[in-house]
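Close look at the chain arrangement
The primary structure of each chain is shown beneath.
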Amino acid sequence: MSALRVRGLRKSFGATRALDDVGLDVEQGTIHVLLGGNGSGKSTLLKALAGVVPADAGEIEVAGRKHDASSFNPGLARESGLHFVHQQASTFQDMTVAENLAIGRGFELGTGMRIQWRKVRRRTEEVLARFEIPASPDTEMAELGRATQTMVAIARALQDQEDVDQGIVFLDEPTACLPAKETVILLDALRRYAAAGQTIVLVTHRLKEATAVADRATVLRDGRLVATVDGDHIDHDQLVELIMGGVAVLQPRSPATRSPAGRVAQSDRPEALAVNGLVGGAVREASFEVHAGELVGIAGLLGSGRTTLLRLLFGLTPVESGEILGVGSRGAGYRPRDAMAAGLAYVPEDRAEAVFADMSVSDNLSIATLRDYWRGLRLRHGAEQADSRNLLGTFLIKASSEVAPVATLSGGNQQKVVLARWLRREPRVLLLDEPTQGVDIAARAEIYALIRQATDEGACALVVCADLEEITTFCDRALVLRDGRVVDDVPAEQLQLERLEREVHGTIGAATEAAVG
Amino acid sequence: MSSPTGTSSVSALAPRSGRRRRRPLRAYLEAYALVGCLVAIAVFFSLYSETADTFPTAGNLKTLLGNEAVLGIVALAALVPLVCGQFDLSVGAITGLSSIVVADTMSSGTPVLLTALIGIGIGLTIGTVNGLLVTVAGVNSVIATLGTATIAAGIVAQESGGVAIAGNIPESVFNFGSGETLGIPNVAYVLLVVAVAVYYLLDHTPIGRYVYALGSNVSAARLVGLRTDRVLAFSFVVAGVLAGMAGVLQVARTGGADPRLGDNFTLAAFAAAFLSAASVRPGRFNVGGAMVGIFFLAVLNSGLSLAGAPDYVALYVNGLALIIGVALAVFLGKRRLAV
């Protein structure tokens, strides 16, 4: 039985066709995976179904009722039982878990509009138990790890589904920032809900997840429906082919992309950065060095200090003790400007933290190099925009023009803009936090190719990445962080998934750890 | 994205240059709609029987141009922190205080240039205090500037005793302020020079770009190494200096100073500053748009007053303009970013 039928959905933005005659059939009680590269129309499809950005034409049939897609609105979507959990978990950080779950649903009220906290708490406990969320109703959201926060956000969307199996929940990249272990828990849970009759639409970039959980997968490309594949026939390589179309995939696994620099004896290369007993934030006495030409992956769970490490190096988190050698400055006064002067560049995990959304692509590209265009007491706008146009080509950024606001670009392309902003400065040390999060596989390979190009030209790169397979695929070396300490330094020839996974979780005995340290 | 599927070359991913330079008609309409309204209103009052004799006269247009010069500079003062995403509610009060002090010191025989510097210095001082309050002390800009504005108003009341200062303003100053060159009031030239200077600052210098960047995303600004506190404080200092200059010009224009001036200026200046995001460069606060906003409101108010509308109508107009300006700025800003 079809829970959702979409027919002939169309949506254009100016000359761009974001959705071109897209249809979708979601069966009751199944997990339907929606796949596609950046700019394939996935987000637009979700927005159309949520009624946030109505389509130009088409038909949406849900819960036995047909709606004209052009007049579909958020109210209708909710009424029809369509629930959405977005990429950035939309939770209230300074409120408790109980409050987060009750908001939108309504609090249990007593006489005089008084909130009956005991009932709210009891209900929250039930929901938490049902979703296996390790938190208490009174915990503040901010105290939870991001993984748990995502689970609460999902629970919030699903809690109303208790007795309705009419509803459909749309999960937009729910695993994007979850560590492997919790991804498994989440996907297991999703499978259980589906078995119980819950209909789930899952948007993901991770093909492994798609092949693991999907009852059916729909692939979009360039706004068009490419294929719908049934569960038994879903196969990794075929999906790659469908998502990419004919576009050549950069072969990440071929040894050619691994730089020769990573394989030569490291001591032959000049040291680009050295850290000695660094303490600050979540990082506890980290010591290591990185050589020019190296692409070093940083593996670690959420809360292991992996993000803090990069922020310490870039002067965003104050250093409590220890030294950073090779940046020309140390101590309390070390700020991003000093880091930049020493040739460091930092791309944060959260794209929204790095882009100037309402400013043009060109403005975003040149913001860290603006002084170069300041000649003869004026900004050379002509030269600035010409350079930006060239950068769009060099960094494979898809944009309608260099003067378009950066917010009109897809996520992967925004990421490339941020990366290009720094790479054009030819930094000595690249600090990248999850540079491929929420980015499709084609763009992922492109991003690593760009990083590799920089390291081949003599830079070194530190890349934090939750996807350990990505580290073994692309990096020359890996540092493993656990509880704020560097617990392992894995050279290229020993870079294997099993070892990273073991070290990250710390399941090996203390004896081995001591041997490493 | 609309390229045929299956293209394998990298160039297919690069932007296509075909429609880069063409701006759709809608964009032009949006950018110049307010200018169109301005012209339409001017034409209306030139033809409307009640005002046809009085509105389109050289005398009236000169008065209009001259009267708006001071307000125009105050609007530019409000604009700069607004670009940074901050409110400076003290601009009117700074202009008021500056004009009172300048009129006072001028009438007691202090050299003209020195008094002008004193007026600008007052703006510089209050602007610096605002900047420090917002950055170092971390006070919300609305609260900080409301505080300094109130204190400035207090000083005005104390200095003037609530009575307008008139007389003893040097002849040369008043002659400049009320005179004209080539048929255009001198003060209008001053506004033009200041507007060009602010435009240059915001659009043609790195610091101007940093001001916009800060208004767009503070954390991103920090990540690219900007000293965000300095840029923010700078915007308040610029606002203070401009408002101080407006006070000096006000004395030259009217040959005196009125203690009630400041209150009226802040709201009208903000109305124009917000309307700026609805024209010339829609969705962004900008100098050209602020000038359009100022004269749009001035023509409307002048026409209405000549048509016999009571004074309080101007309050309705300015209040509505402020609300509509803000709403339009939000709407156009969102539309520009729609994916």
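See the structure shown above.
Let me sum up the structure you'll find in this document.

Calculation notes
- Residues numbered from 1 in each chain as written.
- Chains lettered and ligands numbered in written order.
- Predicted model: local features only at pLDDT ≥ 70, side-chain atom pairs only at ≥ 80, totals over all residues.
- Helix = DSSP H or I, 4+ residues; strand = E, 2+ residues; numbered from the N terminus.
- Buried ≥ 20, exposed ≤ 12 C-beta atoms within 10 Å, placed from the backbone.
- Contact = placed C-beta atoms within 7 Å.
- Rg over C-alpha atoms; globule rule 2.2 N^0.38 Å.
- Pairing = 2+ DSSP bridges.
- Axes fitted to C-alpha atoms, helices over the stretch in contact; angles between N-to-C directions.
- Core = buried A, V, L, I, M, F, W, Y, C linked by C-beta atoms within 7 Å.
- Expected span 1.5 Å × (residues − 1).

As a further point, take the overall build of chain A. Helix and strand counts for chain A come out as 18 helices and 21 strands. Here chain A holds 517 residues, and the buried ones make up 50% of them. Residue pairs in contact within chain A that sit at least 24 positions apart in sequence constitute 68% of those at least 6 positions apart.

Within chain B, the secondary structure is distributed over 13 helices and four strands. Expected size for 339 residues packed as a compact globule is a radius of gyration near 20 Å; at 22 Å, chain B falls within 12% of this value. Along the first, second and third principal axes, the C-alpha set of chain B runs to 80 × 55 × 35 Å. Residues counted as buried form 48% of the 339 residues belonging to chain B. Across chain B, every contact between residues at least 6 apart in sequence was considered, and the portion connecting residues at least 24 apart equals 79%.

This part is about the sheet that holds strand β18 (residues 429-433) of chain A. All names here are of chain A. Taken in spatial order, the six strands line up as β15-β18-β19-β13-β20-β21 in an open sheet, and their pairing is mixed. Both edges of this open sheet fall to β15 (344-347) and β21 (485-490), since each of them pairs with a single strand only. For this sheet, the mean angle separating the axes of adjacent strands, direction not counted, is 20°. Examined bridge by bridge, strand β20 (residues 477-482) and β21 share five bridges and lie antiparallel to one another. Bridging across to β21, alanine 478 finds its partner in valine 490. Contacting β13 (295-299), β18 and β19 (460-464), helix α15 (residues 441-456) crosses the sheet at an angle of about 150° to β19.

Moving on to the sheet that holds strand β12 (residues 283-291) of chain A. Residues and elements named next belong to chain A. The strand order across the open sheet formed by three strands is β12-β11-β14, and the pairing between neighbours is antiparallel. The outermost strands of the open sheet, each flanked by one partner alone, are β12 and β14 (321-325). Strand after strand, the sheet turns through a mean of 5° between neighbouring axes, direction not considered. Set on the sheet, helix α10 (residues 306-313) makes contact with β11 (271-280), β12 and β14; between it and β12 the angle comes to about 65°.

For the rest of this paragraph, the subject is the nonpolar core. Counting 259 residues, the largest nonpolar core has Ile73(B), Val74(B), Ala77(B) and Ala269(B) as the members making the most contacts within it. For this core, the leading source of residues is helix α10 (residues 228-254) of chain B, giving 17 residues.

The next subject is helix α13 (residues 381-394) of chain A. All names here are of chain A. With 14 residues, α13 extends 20 Å between its outermost C-alpha atoms, agreeing within 8% with the 20 Å of an ideal straight helix rising 1.5 Å per residue. Within the sequence span of α13, burial applies to Glu384, Gln385, Asp387, Ser388, Arg389, Leu391 and Leu392. At its buried positions, α13 is contacted by α12 (361-366), β17 (378-379) and α14 (411-423). Where α13 ends, the next residue or the one after it, leucine 396, has phi of about 55°, a positive value.

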